[in-house]
Amino acid sequence: MHMCARKVLVTYATKYGTTREIAEEIAAALTGAGLDTDIIPVMEVGIIDAYDAVVIGSPLYMGKILVEAREFCEQYKPYLEGKWIAFFVSGIAVCKEENNNNETMLAAIDAMSEYVKIEEKGTFGGRLSLDRLSESDMQLASIAGASEGDFLDMEDVRAWAKEIGRKIADL
Ligand SMILES: Cc1cc2nc3c(=O)[nH]c(=O)nc-3n(C[C@H](O)[C@H](O)[C@H](O)COP(=O)(O)O)c2cc1C
């Protein structure tokens, strides 16, 4: 056991709660690994000086991460410098032209490297249940030819969390 556990912030954006669930699973795994972990939505994050590592998560909508997650990276750029950063996305790649490939998800994460230096990337299956969507998301989803489904695999999430937990503990 370290004398002084590394401090980690897990922060996330979400529209319908799937990415929050993933973030909670990651935070629980990091806490279980002995790291001093806080979990805070991107919109509620305050001063982050005390954290050694920051894990940022967002769902993908039309190939992009949510605007509040991007704004977090933009606004916290100077404060994130020098910290160890991991970024994960959840999605089901509903946009047909994007073909549900991992590359699209990684590209959405890479778009953030303008603001932050990302050490580890995670891509997880998300969830789509049409009856829960807002009117406008429903329209977008039907234009994109989205099909409902639960693609979230918490085993995947835990495996990734374990891996990043080891790296953070070794910082
Ligand atoms: C309108 C709409 C657009 C979406 N666009 C994408 C996309 O481009 N790529 C993707 O992988 N998933 C896409 N998704 C699926 C969501 O990313 C997925 O449902 C995610 O788990 C939702 O997370 P949240 O509950 O945290 O908002 C889209 C879903 C909706 C409703």
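These figures come from a predicted structure and were not determined experimentally.

What about helix H2 (residues 67-75)?
The periodicity of an α-helix, 3.6 residues per turn, causes residues three or four positions apart to be oriented the same way. Buried residues of H2: Ala 69, Phe 72 and Cys 73, and no others. One face of H2 carries all of its buried residues, which in axial projection span an arc of 95°. Residues of H2 that are buried sit in contact with strand E1 (7-12), strand E3 (53-61), strand E4 (64-65), helix H3 (77-80) and strand E5 (84-91).

Things to note about the site of the ligand
Close contacts around the ligand come from 25 residues, with Thr 14, Leu 60, Gly 63, Ala 93 and Arg 127 the closest. Lys 15 is positioned such that a nitrogen or oxygen atom in its backbone is 2.9 Å from an oxygen atom of the ligand. In isolation the ligand has 640 Å² of accessible area, and contact with the protein removes 99% of it. Within the residue set of the shell around the ligand, elements represented by two or more residues are helix H1 (18-32), E3, E5, strand E7 (127-128) and helix H5 (135-143). Of the residues in the shell around the ligand, the class split is 13 nonpolar, 8 polar and 4 charged.

Focus: the packing of H1 against helix H6 (residues 154-169)
Across the interface, H1 lies against H6 with an axial gap of 9 Å and an inter-helix angle of 45°. Comparing the axis directions of H1 and H6 gives the class oblique. Between H1 and H6 the crossing geometry is right-handed. Two secondary-structure elements touch here, H1 through Glu 21, Ile 22, Glu 25, Ile 26, Ala 29 and Leu 30 and H6 through Met 154, Val 157, Arg 158, Trp 160, Ala 161, Ile 164 and Gly 165. Along the lines of polarity and charge, the residues of the contact of H1 with H6 split into 9 nonpolar, 1 polar and 3 charged.

Remarks on the side chain of Glu 120
Along the polypeptide, Glu 120 turns up in strand E6 (residues 120-125). On the accessibility criterion, Glu 120 (16% relative accessible area) is buried. Reaching out from Glu 120, the side chain makes a polar contact with the side chain of Lys 167 at a distance of 2.6 Å.

Description of the side chain of Thr 19
One can find Thr 19 in helix H1. Not counting residues within four places of it along the chain, the set of residues in contact with Thr 19 comprises Tyr 12, Ala 13, Thr 14, Gly 57, Ser 58, Pro 59, Phe 88 and Ser 90.

Each value, and the rule that gives it
- Residues numbered from 1 in each chain as written.
- Predicted model: local features only at pLDDT ≥ 70, side-chain atom pairs only at ≥ 80, totals over all residues.
- Heavy atoms only, no water.
- Buried < 20%, exposed > 50% of the residue type's maximum accessible area, 1.4 Å probe, protein only.
- Helix = DSSP H or I, 4+ residues; strand = E, 2+ residues; numbered from the N terminus.
- Arc of directions from axis to C-beta.
- Contact = heavy atoms within 4.5 Å.
- Near = heavy atom within 4 Å.
- Polar contact = N/O pair within 3.5 Å; in protein donor to acceptor, adjacent residues only side chain to side chain.
- Areas by Shrake-Rupley, 256 points an atom, 1.4 Å probe, with all protein chains shown as cover.
- Nonpolar A, V, L, I, M, F, W, Y, C, P; charged D, E, K, R; others polar.
- Axes fitted to C-alpha atoms, helices over the stretch in contact; angles between N-to-C directions.
- Parallel < 35°, antiparallel > 145°, perpendicular 65-115°, else oblique.
- Left-handed = near helix turned anticlockwise from the far one by under 90°.

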